Each structure stands twice: as structure tokens, then as C-alpha cells.
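Observations on chain architecture
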Amino acid sequence: MKEDMFFADEIEFEFPGKGIDKSEIDEIDDFPGKEDFINFYTIHNGGDFIDGAWFFPESCYNSSVFGNPYITLAMFLGVRVDDQEGGLNIDVMNDIITEKYKKFEDFVLFHIPFALDVIDNPFWIDIQTGEIKYIDFQVSNNPNDVITVASSFKNFCKCIRKRASR
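Computed from a prediction, not measured in an experiment: that's the story for all the values here.

Focus on the overall build of the protein chain
A tally of helices and strands in the protein chain yields four helices and eight strands. Reading the helices (α) and strands (β) of the protein chain from amino to carboxyl end gives β-α-α-β-β-α-β-β-β-β-α-β. Counted over contacts in the protein chain with a minimum sequence separation of 6, partners at least 24 positions apart contribute 58%. A total accessible area of about 8,700 Å² is found for the protein chain, and carbon and sulfur atoms account for 45% of it.

Focus: helix H2 (residues 34-43)
Lys34, Phe37, Ile38, Phe40 and Tyr41 are the residues of H2 that are buried. Projected onto a plane normal to the axis of H2, the buried residues spread over an arc of 165° and lie on a single side. After H2 finishes, the residue asparagine 45 shows a positive phi value of roughly 40°.

Here's the deal with unusual backbone geometry
Within the chain, aspartate 120 stands out as a residue other than glycine whose phi angle is a positive 70°. In this fold, aspartate 120 is placed in the loop between strand E4 (111-117) and strand E5 (122-126). When its relative accessible area of 46% is taken as the criterion, aspartate 120 is described as partly exposed.

Some words on the layout of surface pockets
Here the largest pocket defines a volume of roughly 250 Å³. Elements represented by at least two residues in the lining of the largest pocket include exactly helix H3 (90-100) and E4. With three residues, H3 is the single largest residue contributor to the lining of the largest pocket. Across the lining of the largest pocket, the residue classes tally to seven nonpolar, two polar and four charged.

Some points on the side chain of asparagine 94
Residue position: asparagine 94 is located in helix H3. With residues up to four places along the chain from it excluded, the contact list for asparagine 94 reads Val108, His111, Pro113 and Trp124.

Thoughts on the pattern of salt bridges
Summed over all chains, the structure comprises two salt bridges. Between lysine 133 and aspartate 126 there is a salt bridge, with its nearest N and O atoms 2.9 Å apart. On the accessibility criterion, lysine 133 (16% relative accessible area) is buried. The buried category is assigned to aspartate 126, whose relative accessible area is 3%.

Quick notes on the nonpolar core
Ranked by internal contacts, the top residues of the largest apolar core, which has 45 residues, are Phe37, Tyr41, Phe76, Phe114, Phe123, Phe153 and Phe156. Residues within four places of phenylalanine 153 in sequence aside, it is in contact with Asp36, Phe37, Phe40, Tyr41, Phe76, Phe114, Ile125, Gly130 and Ile132.

Analysis parameters
- Residues numbered from 1 in each chain as written.
- Predicted model: local features only at pLDDT ≥ 70, side-chain atom pairs only at ≥ 80, totals over all residues.
- Heavy atoms only, no water.
- Helix = DSSP H or I, 4+ residues; strand = E, 2+ residues; numbered from the N terminus.
- Contact = heavy atoms within 4.5 Å.
- Areas by Shrake-Rupley, 256 points an atom, 1.4 Å probe, with all protein chains shown as cover.
- Buried < 20%, exposed > 50% of the residue type's maximum accessible area, 1.4 Å probe, protein only.
- Arc of directions from axis to C-beta.
- 1 Å grid on protein atoms, 1.4 Å probe; cavity = no way out; pocket = protein on both sides within 12 Å on 5 of 7 lines; lining within 4 Å.
- Points joined across faces, edges and corners; volume = space filled by probe spheres on them.
- Nonpolar A, V, L, I, M, F, W, Y, C, P; charged D, E, K, R; others polar.
- Salt bridge = Lys/Arg side-chain N within 4 Å of Asp/Glu carboxyl O.
- Core = buried A, V, L, I, M, F, W, Y, C linked by side-chain atoms within 4.5 Å.

As C-alpha cells, this is what we get:
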């Protein structure tokens, strides 16, 4: 596997979506760090972590909230998913969240869901600050309980590690 400039570890990453070009991402609202997001998505367009991965939040994260110093990461959502019936992408996840959690209707106007943990809790980019946020829906479904876990998309990626062997 070739070295990946986005991750600190050599991560086995499976790419489910067809490649996309920059114009398909430019439709997404501007936010601080968008260039790193574009660079990632033109290469990867989402994907699953084959052997799993752990995200170790930056120092702003209060790990006592979930009892672990890391969150098990499952996938990055694609910008679009053409050949997968029922495939998840950013727009589909927005629709699912606003349908299931009515309190998030205003929240999704300023946040982009781009990744999921292993039980489908989303990671979001705040388009006003570029910060990465997270909520565990098993703990709360209130947007006021969303927490900041990384200062930027690039820093989020750099905090992902291979899952330790069991």
C-alpha cells in the first residue's frame, strides 16, 4: 500500500465510490480547511476501514464522556455513491439524521456529516469554524450535546490510528 498523506498510520482503506473531481465537491459550502477535505475526497471519495480504525480525539475532547480515550471509526461517507443501491453518502446521511432526529434540522444547515463510528454516530465538519464535531446518539439526541473532537479535517485524519490487534 502506498503511503497516504492523510493518515498518520498505514491504514487499510477500501474505496467504495467512484473517483470524483473537484467540481463535485465545490458545491459543498466553504469552510476553513476545505482544501484538505477536497484533496482527500478527490482521492478517496469516502471509504471503509478494512480492519477498523481508532480515532484519538485531540486534547479538546473529554474522553470521560464515553469512557474510552478513542472512538472506533468505521467509514468516511462518500460525496456521492453511484453504483451502490442504498449506499450512504453525505446527502443521504443528512436526510436520515433530520428524519430521525428532528432537533437536528437547524444543526445540519451549518454542519456536514462526513464519517461514522461503528454504530453509525456521525462526525461533522462545522462549516463556520472547520472544527470536527461528534455526537453519540445512544447518549443524547440533542444538538447541544455535540462535542468538538478535532480542530480541523486534516487534524482529524492525523488522529486516526490502526486498530490494535486483539
